[in-house]
Amino acid sequence: MEWEQLLSLRRQGDKNKRLRVEQDPTRLGFEVDYDRIIFSHYFRSLQDKTQVIPLSKTDFVHTRLTHSLEVSVVGRSLGRLAGTELLKKYPALAQTHGYTFNDFGAIVAAAALAHDIGNPPFGHSGEKAIGSFFDHGPGRRFEGQLTPPEYEDLVRFEGNAHGYHLLTASREGVPGGLRLSYATLGAFMKYPKQSLPHKPDKHIASKKFGFFQSEAGDFESVATELGLLERNFSGAARAWHRHPLTYLVEAADDICYSIIDFEDGINLGLISEDYALEFLIKLVSGKINSEKYRSIGGKRDRLGYLRAIAINSLVQDAVRIFMEEEEAILAGKFSDSLLDRSAYKAQLRDILDLSVERIYQAPEVVEKEISGYRILSDILDVVTGALTRRLEGKNTAYDRLILQILPEPMDTAVPESLYEALMQACSFTASLSDGAAVHLHNKILGKQL
């Protein structure tokens with residue numbers, strides 16, 4: 001892979017190549033990507049979507065929105081630091097093509113900002129709830145009417161793939177969705193493969209999938225423009241190696257959820273402060289100003305001080321690994337996440353293990369995830385029924401009422417296939433905020449007028 005090609009400013013529908021040297025310095029293309037994402041209504045809905053604690057009433061617990069903003073900030077730092085080193089290694093990128101270290105930061109920041117934009121309500125249990133509806137619930141009846149890849153998209157419903165759909169799906173009068181640059185779309189794509197084959201190897205890019213059948217052709221165009229290397233699986237659909245900057249987007253996410261979810265657990269009292277500080281101090285040992293630390297009186301301020309040191313240490317380490325492995329990444333020969341190679345891997349594993357035990361499996365979390373399963377299943381049952389019966393010309397009076405609450409153009413435009421109808425139902429459900437899902441569920445069950 002070549003950096004000049006990987007940094008493509010092309011957008012869907014462009015007739016001519018966009019050159020970096022011709023960009024308006026006050027309105028750079030990669031910065032436009034960030035703006036388009038942050039002003040989208042899909043992004044705004046993240047303010048009421050679960051990061052760790054579903055439907056928490058505590059103001060200092062992170063939502064998907066605050067998490068995404070923080071990941072974006074860390075991603076920008078990672079991109080700028082890596083960009084500075086890359087321009088030293090490849091001076092023609094700056095001297096001939098006009099790229100700056102800020103371009104790398106802007107790409108990573110935009111992709112990181114959008115990294116959770118497709119996640120359903122109620123955290124990762126929302127993905128499982130949608131998949132379970134089609135694998136074990138009422139949606140199982142559709143299996144024989146779909147191709148294996150189409151059915152796999154549903155039973156393994158993936159927030160990353162839904163995010164790509166939201167960013168790129170054309171709507172009436174809005175071709176190409178947000179029309180982000182191909183460089184940002186490439187950096188966003190953590191798993192550049194379809195749902196089948198499922199985990200064909202242990203490569204980090206095979207852990208999940210990144211686009212649905214409906215976007216397969218679209219992503220092929222993006223991959224071709226960027227010059228992504230293909231990965232070959234026997235008799236399987238096309239797949240590609242990651243865009244190199246995806247590793248930095250992933251690192252930003254890994255750093256934030258490892259440290260900041262842990263901080264949320266402390267603030268909620270799920271992890272004692274003394275116990276938690278012991279774990280954090282191991283991560284930042286040798287970098288603490290003891291006099292300054294002892295002068296900090298409040299728990300949140302002490303945690304904030306340790307958090308800042310921890311994030312900075314992990315950022316510096318991730319950039320070091322990225323630059324050491326940059327040639328292997330470009331050649332498609334790097335198969336781990338950056339933090340899997342981190343000097344702090346053991347300390348991060350201890351923090352994550354404690355977070356799983358004390359936070360992710362806390363009764364408050366589990367109980368609300370159980371409710372989320374039922375809420376999403378009931379919504380899907382009603383919406384899939386209304387959309388599929390309309391497709392068959394058999395919709396009922398109740399179906400017609402349900403269709404009126406769906407957003408444009410789902411309320412009137414009849415999908416062309418069963419797969420499209422089911423994906424519309426999944427996208428509608430996954431795009432709901434936690435509160436909106438609860439409100440709609442109450443309406444459906446007649447608990448609220």
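Just above sits the structure.
Overview of the structure. (Residues numbered from 1 in each chain as written. Predicted model: local features only at pLDDT ≥ 70, side-chain atom pairs only at ≥ 80, totals over all residues. Heavy atoms only, no water.)

## Examining the overall build of the protein chain
Secondary structure assignment for the protein chain yields 21 helices and two strands. The C-alpha extent of the protein chain, read off along each of the three principal axes, is 70 × 55 × 45 Å. Considering the protein chain as a whole, with its 449 residues, one finds that 55% of them fall into the buried category. In the protein chain, the share of contacts with a sequence separation of at least 24, taken over all contacts with a separation of at least 6, comes to 72%. A gap of 1 Å separates the mean positions of the 53 positive and 61 negative side-chain charges of the protein chain. (Helix = DSSP H or I, 4+ residues; strand = E, 2+ residues; numbered from the N terminus. Buried < 20%, exposed > 50% of the residue type's maximum accessible area, 1.4 Å probe, protein only. Contact = heavy atoms within 4.5 Å. Lys, Arg positive; Asp, Glu negative; His and termini not counted. Charge placed at Lys NZ, Arg CZ, Asp CG, Glu CD.)

## A few points about empty space enclosed by the protein
Taken as a whole and assessed by the stated rule, the structure comprises one cavity of 30 Å³ or more. In this structure, the largest cavity spans a volume of roughly 40 Å³. Lining of the largest cavity is provided by M1, H203, H241, R242, Y247, A328, I329, G332, K333 and F334. Looking at the lining of the largest cavity residue by residue, the classes come out as five nonpolar, three polar and two charged. (1 Å grid on protein atoms, 1.4 Å probe; cavity = no way out; pocket = protein on both sides within 12 Å on 5 of 7 lines; lining within 4 Å. Points joined across faces, edges and corners; volume = space filled by probe spheres on them. Nonpolar A, V, L, I, M, F, W, Y, C, P; charged D, E, K, R; others polar.)

## Here's the deal with helix 13 (residues 273-284)
Taking 1.5 Å as the rise per residue, helix 13 with twelve residues should run 16 Å; its terminal C-alpha atoms sit 16 Å apart, in good agreement. Three or more residues of helix 13 are buried, namely E273, A276, L277, F279, L280, L283 and V284. Buried residues of helix 13, seen end-on, are gathered within an arc of 160° and therefore sit on one face of the element. Residues of helix 13 that are buried in the fold lie against helix 12 (246-267), helix 14 (290-295), helix 15 (299-324) and helix 17 (345-360). (Expected span 1.5 Å × (residues − 1). Arc of directions from axis to C-beta.)

## A closer look at the layout of surface pockets
Size it by volume and the second largest pocket reaches roughly 890 Å³. Y42, H165, A169, R171 and S427 are the residues nearest the centre of the second largest pocket, which is lined by 32 residues in total. Among the secondary structure elements, those contributing two or more residues to the lining of the second largest pocket are helix 3 (41-44), helix 9 (159-168) and helix 20 (418-431). Looking at the lining of the second largest pocket element by element, the count peaks at seven residues for helix 20. Here the lining of the second largest pocket is built from residues that sort into 15 nonpolar, ten polar and seven charged.

## Section: the pattern of salt bridges
Scanning the entire structure with this criterion turns up 26 salt bridges. A salt bridge links E325 to R341, with the shortest nitrogen-to-oxygen separation between them at 3.3 Å. In this pair, E325 is assigned in the loop between helix 15 and helix 16 (326-330) and R341 in the loop between helix 16 and helix 17, connecting sequence segments 16 residues apart. (Salt bridge = Lys/Arg side-chain N within 4 Å of Asp/Glu carboxyl O.)

## A few points about the packing of helix 8 (residues 148-155) against helix 20
What describes two packed helices is the angle between their axes and the distance between those same axes. Their axes nearest at 11 Å, the elements helix 8 and helix 20 cross at an angle of 10°. Put simply, helix 8 runs roughly parallel to helix 20. In the packing of helix 8 onto helix 20, the handedness of the crossing is left-handed. In this structure, helix 8 uses E150, D153 and L154 to contact helix 20, whose residues at the interface are Y419, L422, M423 and C426. (Axes fitted to C-alpha atoms, helices over the stretch in contact; angles between N-to-C directions. Parallel < 35°, antiparallel > 145°, perpendicular 65-115°, else oblique. Left-handed = near helix turned anticlockwise from the far one by under 90°.)

## Points about the environment of R320
Counting through the fold element by element, R320 comes out in helix 15. According to the relative accessible area criterion, R320 is partly exposed, its value standing at 35%. Each C-alpha atom, one on R320 and one on D135, is 43 Å from the other, the two residues being 185 residues apart in sequence. Every residue in contact with R320, bar those within four places of it in the chain, is listed here: R341 and A343.

## As for the side chain of D254
Within the secondary structure, D254 is located in helix 12. Leave out the neighbours within four places in its chain, and D254 touches S337 and L339.

## Description of helix 6 (residues 101-113)
With 13 residues, helix 6 should reach 18 Å at 1.5 Å per residue; the first-to-last C-alpha distance of 18 Å fits that figure. Of all 13 residues in helix 6, eleven are buried; the element is thus mostly enclosed.

## So, the nonpolar core
As a rule of thumb, soluble globular proteins bury nonpolar side chains together. In terms of nonpolar packing, the biggest core is built from 94 residues, with W3, I37, L245 and F322 touching the most fellow members. When near neighbours in sequence (up to four residues on either side) are disregarded, F322 contacts W3, A82, L86, P244, L245, Y247, L248, I329 and L338. One finds V382, Y419, M423 and A437 within the second-largest nonpolar core, a separate group that totals 38 residues. (Core = buried A, V, L, I, M, F, W, Y, C linked by side-chain atoms within 4.5 Å.)

## Examining the environment of W3
Assignment of secondary structure puts W3 in helix 1 (residues 3-6). Separated by 224 residues in the primary sequence, W3 and G227 have C-alpha atoms spaced 9.4 Å apart. Setting aside its immediate chain neighbours within four residues, W3 contacts L86, Y90, L93, F104, P244, L245, F322, E326 and L330.

## Concerning unusual backbone geometry
P197 follows L196 through a cis peptide bond whose omega is 5°. Relative to the helices and strands, P197 resides in the loop between helix 10 (182-188) and helix 11 (216-226). If you check the backbone angles, R179 has positive phi at about 50° while not being a glycine. Here R179 is to be found in the loop between helix 9 and helix 10. Residue classification places R179 among the partly exposed residues on the basis of a relative accessible area of 23%. Unusually for a residue other than glycine, K199 sits at a positive phi of about 45°. With respect to the secondary-structure elements, K199 resides in the loop between helix 10 and helix 11.

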